[in-house]
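Coordinate analysis (summary)
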Amino acid sequence: MPSHAELASKLLIDAAAFFRTLAEQNEPLKEQMNENANVFDQMAALLSQSPTGDLDGTPHAELAGKLLKDAATFFTTLAEQNEPLKEQMSENAAVYSQIGDLVMQDPQGELGEAGGAP
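The structure displayed is predicted, hence computed values, not measured ones.

With the rule as written, the count across this model stands at 6 aromatic pairs. With centroids separated by 5.5 Å and ring planes inclined at 70°, the aromatic side chains of F19 and F74 adopt a geometry described as edge-to-face. One end of the pair, F19, is in helix α1 (residues 4-25); the other, F74, is in helix α3 (residues 60-81), with 55 residues separating them in the sequence. Through a chain of ring-to-ring contacts, the aromatic side chains of F18, F19, F40, F74, F75 and Y96 assemble into a single cluster.

What follows is the structure, encoded as structure tokens:
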């Protein structure tokens, strides 16, 4: 089973790809979405390389968890503003939020372990 950090890294990479797609489709948001994508990719790399490492004293897992929670908020906002995407974005938000919590609590834990998701 993948660890919380491995799952978080995958979700960060997926979010980066999503932000890049938005950048391509929306010129006014292009710069911001590309910046977001770069940050998410960089955090995914840091978390993959060193799940228990830190950046300037803040654990990689905490930073990754916060980014995942930010993505969840973004997805929730999209869901509220776009009925055709509502169900998918709401599901995405729930997964990102849950993995964000798990990676912050125990980056090396696995789903199904005590304290992890069922």
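Summarising the element assignment, S3 is placed in the segment before α1. Look past the residues within four positions of S3 in its chain and what remains in contact with it is P107, Q108, G109 and E110.

Here H60 is to be found in helix α3. Among the polar contacts listed, one links the side chain of H60 to the backbone oxygen of S50, at a separation of 2.7 Å. Ignoring sequence-local partners within four residues, the contact set of H60 consists of M43, L46, L47, S50, P51, G53, D54 and L55.

Reading guide: rules and limits
Here the residue numbering is sequential within each chain, running from 1 through the sequence in written order. Selection of residues for local features in this predicted model requires a pLDDT of at least 70, selection of side-chain atom pairs for listing and counting requires 80 or more, and totals for whole chains, interfaces and linings are taken over all residues. Only hydrogens and water are set aside when side-chain values are computed; all heavy atoms of the structure are taken into account. In summary, the pairing rule links any two rings of Phe, Tyr or Trp, Trp by its six-membered ring, whose centres are within 6.5 Å, and it sorts them by plane angle into stacked for under 30 degrees, edge-to-face for over 60 and tilted for everything else. Elements are defined by DSSP. Helices are runs of H or I of four residues or more, strands are runs of E of two residues or more, and each kind is numbered from the N terminus. Residue contacts are defined here by distance: any two heavy atoms, one from each residue, within 4.5 Å place the two residues in contact. Any pair of nitrogen or oxygen atoms within 3.5 Å is treated as a polar contact; in protein, a donor-acceptor pairing is required on top of that, and neighbouring residues in sequence qualify only through side-chain atoms on both sides.

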